[in-house]
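Residue-level structure breakdown
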Amino acid sequence: MNIKNFVAIGHRKKIAFIIVAGLVIGGVRHFYPSLLESYVGVVNAPLTYENSEPLSQRAFENLADSLTHEYRFNSAMEKTKDEDVPFARRLKVDMFMKTRSFDKQSPFPHIDYFRKAGINQYKGPETCLTCHDVIKIADKHGKPKEVNTLDDVVNSVHFKFQSNEGGFSTFGFDGREVNGDGTRPIPVGKINRACGVPGSFTWTGWADLVKAKPEHAHGEVELRSEGCGQCHIGGGYHPSTEQMLPAHDAPTTAKDGIDCLICHSPTYDMNQRYVIEDDNGKRWNQDRSMKAALTVGQPTMETCLFCHQHNMGGDMEKDLAKGAAPDNLGYKNKRLLHPGSKRGNSIQPAHDVHAAAGMACTDCHQPEGHKIPRGTKGVDLVANDLPGKVVECETCHTAAPHVKDDEDRALLNGHVDRVSCEACHIKKLRDDSVVLRDWIHPIWNEEEGVFVFKDIYQSGEAGKGFKFLWFNGNGSFLANALGDNPVGDGSYNPLMNQLAKIDDPQVIAKVREAAIELKKSYPEIDVEQYVKEATDPLSVLSPEMLEKRKKMIEENIRPIMEKGKSKIYPFKIFNAIMYEDMNNQGPFGAMILPFDYPSYYENGDSKASVKKAIEHPIIKRMYQAPFKAYMMDEFMNYFGVDGWKAEYPIGKDGKLKNVEAHWMRQMGSLMVNHGIQKEGRSCKECHKQDGIIDFKALGYPQERAAELINLPELE
């Protein structure tokens, strides 16, 4: 064979290889999404919205005039708010409205943009991308760069709810930083993190319709919307499950469902947020009206609170802004309200100095494109788009924030080295801030017409609803603040003390009262045992498991507690009783199982509800080999359990197997950074015999603790 023939054969083989490889890759790309959808039991289909309607030119102009007139009128009302005489105020408003410069105000530039582009219908991201296919952002070094807008949104935490990259300030009970150097990254975040309402997992509780029987309906059924999707920007039939699985992107239909306007439109109508059901399943409706589209701009505090109100002051908070989500529950299939405030730190103007000053959330949480930082400190598993970006008081107020009080400012600024700003300037949480919640024994809510969880204890008071803990910016896998007293005696151990037991007699008495009340509906409750487990959840651990816990804390967690610099911070405390897979348990608890929304709310049968939820295809997959290898072994190692025991918790007889109800073995400690008051605490609130801070519990040596509650300067 001559060299030319040899080269020709080699060239043909190379071409054949490229063709085969191309066919394989093309086949994978074509079939993989369908196979994946089938595997995890989800559906993707084209999305339509009834309120996305084309406008005639006349209707467009009428809407434009109405919006600008309303804006100018509201501006005039704001300018005349100090006028006490109604008639005089009306005259002044009328004069403003007739003033030429005032009349020329054009607050909504997109009206003209849409007019010139001939856009008369808002179709979701497709419309936005007509002009905004790329955006310019400043990176972490302040340098400008151009990014693809859709990719930027799709890869943000607000869309995918998780990250398999590093940047978590969270450590597993095995001592490893979650997705840190030397680990095998797994998807972690809101997508697979237990939440504070029934449904627990975003996977299983995305969108549902609940048959409620509210008192006012006199026995008639009213459908209620419920699910995690009500607050998230994805609009499909399920959360963005694909992005947490290997080698896959969100499908085009899911991207078409992104709700741009819920963040960017101040006139977004939350009454359009309700569950709709069609042949493909259930999903959340959106406001895709031209009214919302024409008023777009940068996110405001009000648009952020469309979703974050639930996380902040709670669904039942009063005096909310006119368009707030809890006051606009839907034109049909109204959304359910959730009693009990999750964090209880209101950011309404009456309770927060920054809100009162008219600041926007993004003034502190400064975004890069559609990626928004949570800050470098955190105790939970919520993913962070910009983990290296600082969000803290000192950014604006410096490390010496006290400047006005000439006599005491040096002393107060000295406190900043050991005491966080929040410790002094967050004085109280909402009264309905939940501390202990029972999901196992639901109670009937007449107003909503459904069974709801029972809040055993609520408080916004220091020492009861929130505690003071040392914090170095890191947290455990179960949302426990980590830190240590820099001059302590080594006794500070919140995972065995402050976060593992309640010893306040008043709180214990309230828990007992709640248990006695529950016993009327659930006669099987042993009141004293209930109180013991609620206030001392470690009491359920065997001696061997308790010793293992102590050993893991000292060997794995103590070194993390001693990292860096710790300060005293306030933390909202929370614990709950729920069902757990006891086949996957360790010294810090067992695998929490989700509830099915309709059966929980409608029937109040928590055990039947958890059984229904774990029959969901995605939960079944969790108990199979691919999921075990891909993420569950690693997840459980962080949890302090040696690998995932893939034994499905429903037996062949159809009954739950190895499933028990327990309180988490320690309280979660949630960061509270809002609800800031201008005036801080007085010295004597902390430095007295029965002050709000227990210095001995914070690890101060006995002599120093005694000094701190008897300061001669305060006499």
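Above this note sits the structure.
What you see is a predicted model, and the numbers here were worked out from it, not measured in a lab. (Residues numbered from 1 in each chain as written. Predicted model: local features only at pLDDT ≥ 70, side-chain atom pairs only at ≥ 80, totals over all residues. Heavy atoms only, no water.)

A few words on helix α21 (residues 606-613). Along α21, the residues classified as buried are Ser606, Ser609, Val610 and Ala613. Mapping the buried residues of α21 onto a view down its axis gives an arc of 95°, with all of them on the same face. Buried residues along α21 sit in contact with β10 (434-445), β15 (567-586), α20 (597-603) and α22 (617-622). (Buried < 20%, exposed > 50% of the residue type's maximum accessible area, 1.4 Å probe, protein only. Helix = DSSP H or I, 4+ residues; strand = E, 2+ residues; numbered from the N terminus. Arc of directions from axis to C-beta. Contact = heavy atoms within 4.5 Å.)

It is worth spelling out the environment of Phe114 at this point. Mapped onto the fold, Phe114 is located in helix α5 (residues 110-117). Sequence-wise, Phe114 and Ala293 are 179 residues apart; in three dimensions their C-alpha atoms are separated by 9.4 Å. Not counting residues within four places of it along the chain, the set of residues in contact with Phe114 comprises Phe60, Ile119, Thr127, Met290, Ala293 and Leu294.

Trp203 and Met622 are the most contacted members of the largest nonpolar core, which has 125 residues in total. For this core, the leading source of residues is β15, giving nine residues. Residues in contact with Met622, not counting those within four places in the same chain, are Trp203, Met591, Phe627, Met632 and Trp644. Listed in part, the 29 residues of the second largest apolar core include Phe60, Ala64, Val153 and Met270. (Core = buried A, V, L, I, M, F, W, Y, C linked by side-chain atoms within 4.5 Å.)

Glancing now at the pairing of strand β1 (residues 134-138). As a general feature of sheets, a regular strand has side chains that alternate between the two faces. Judged by which residues are buried, β1 turns out to be one-sided: Ile135 and Ile137 face inward and are buried, whereas Val134, Lys136 and Ala138, on the alternate face, are not. Taken together, the five bridges between β1 and strand β2 (residues 144-148) define a ladder with antiparallel strand orientation. Across the sheet, residue Ile135 finds its bridge partner in β2, namely Val147. Hairpin geometry of β1 and β2 is characterised by an intervening segment of five residues between the two adjacent antiparallel strands and by a positive phi of about 85° at Gly142. (Pairing = 2+ DSSP bridges.)

Here Ser420 lies in the loop between α15 (409-415) and α16 (421-425). A distance of 3.2 Å separates a polar atom in the side chain of Ser420 from the backbone nitrogen of Ala423. (Polar contact = N/O pair within 3.5 Å; in protein donor to acceptor, adjacent residues only side chain to side chain.)

Once that is clear, we can look at the sheet that holds strand β4 (residues 170-171). A sheet is described by the order of its strands in space; here three strands give the open sequence β4-β13-β14, paired in mixed fashion. Whereas interior strands pair on both sides, the edge strands pair on one side only; in this sheet they are β4 and β14 (481-482). With two bridges connecting them, strand β13 (residues 474-476) and β14 associate as antiparallel partners. Note on β14: the bridge partner recorded for Gly475 is Ala481.

For any two helices packed against each other, the geometry is given by the interaxial angle and the distance between the axes. One way to put it is that helix α2 (residues 57-79) packs onto helix α3 (residues 86-98) with a least axis distance of 9 Å and a crossing angle of 135°. Comparing the axis directions of α2 and α3 gives the class oblique. Note on packing geometry: the crossing formed by α2 with α3 is right-handed. Contacts from His69, Arg72, Phe73, Ala76, Met77 and Lys79 of α2 reach α3 at Arg89, Val93, Phe96 and Met97. Here the contact of α2 with α3 is composed, by residue class, of six nonpolar, one polar and three charged. (Axes fitted to C-alpha atoms, helices over the stretch in contact; angles between N-to-C directions. Parallel < 35°, antiparallel > 145°, perpendicular 65-115°, else oblique. Left-handed = near helix turned anticlockwise from the far one by under 90°. Nonpolar A, V, L, I, M, F, W, Y, C, P; charged D, E, K, R; others polar.)

Let's shift gears to the packing of aromatic side chains. Counted by the stated rule, this structure contains 23 aromatic pairs. Measuring from centroid to centroid gives 5.8 Å for Phe466 and Phe468, while their planes differ by 70°, and the two rings are edge-to-face. Across the pair, Phe468 and Phe466 agree in class, each one buried. Ring pairing ties together the aromatic residues Trp439, Tyr579, Phe595, Tyr597, Tyr600 and Tyr601, which thus form one cluster. The lysine or arginine in question, Arg283, covers the ring of Tyr49, its NZ or CZ lying 5.1 Å from the ring centre. Cation over ring: Arg437 sits above Phe453, and NZ or CZ is 3.8 Å from the ring centre. (Phe/Tyr/Trp six-rings, centres within 6.5 Å; stacked < 30°, edge-to-face > 60°. Lys NZ or Arg CZ within 6 Å of the ring centre and 35° of its normal.)

Another aspect to go through is the side chain of Asp287. Among the secondary structure elements, Asp287 is positioned in the loop between β9 (281-284) and α11 (290-294). Put simply, Asp287 is tucked away with no salt bridge, and the nearest opposite charge, on Lys291, sits 7.8 Å away. At a separation of 2.7 Å, a polar atom in the side chain of Asp287 contacts the side chain of Ser289. Setting aside chain neighbours within four positions, we find Asp287 in contact with Asn51, Leu261, Thr267, Tyr268, Asp269, Gln272 and Ala292. (Lys, Arg positive; Asp, Glu negative; His and termini not counted. Salt bridge = Lys/Arg side-chain N within 4 Å of Asp/Glu carboxyl O.)

So, on to a nonpolar patch on the surface. A surface patch of nonpolar side chains, amounting to about 290 Å² of accessible area, comprises Val85, Phe87 and Leu91. One can find Leu91 in helix α3. (Patch = residues over 30% accessible without salt bridge, like charges linked within 9 Å, V, L, I, M, F, W, Y side chains within 5 Å. Areas by Shrake-Rupley, 256 points an atom, 1.4 Å probe, with all protein chains shown as cover.)

Another point: the pairing of strand β12 (residues 466-471). Among the six residues in β12, six count as buried, and that is most of the element. Residues Phe466, Phe468 and Trp470 line one face of β12 and the alternating positions Lys467, Leu469 and Phe471 line the opposite face, and both faces are buried. For β12 and β15, the ladder comprises six bridges, and the chain directions are antiparallel. By the bridge assignment, Phe471 is partnered in β15 with Lys567.

Not every positive phi belongs to a glycine, and Asp319 is a case in point at roughly 60°. Classification of Asp319 as exposed rests on a relative accessible area of 72%. At Ala479, a residue that is not glycine, the phi angle is positive and equals roughly 60°. For Ala479, the location among the structural elements is in the loop between β13 and β14. Note on Ala479: relative accessible area 12%, which makes it buried.

As a further point, take the packing of α2 against α5. For the pair α2 and α5, the least separation of the axes is 11 Å and the interaxial angle reads 170°. Here α2 lies roughly antiparallel to α5, going by the angle between them. Within the contact between the two elements, α2 uses Phe60, Glu61, Ala64 and Thr68 and α5 uses Ile111, Phe114 and Arg115. Along the lines of polarity and charge, the residues of the contact of α2 with α5 split into four nonpolar, one polar and two charged.

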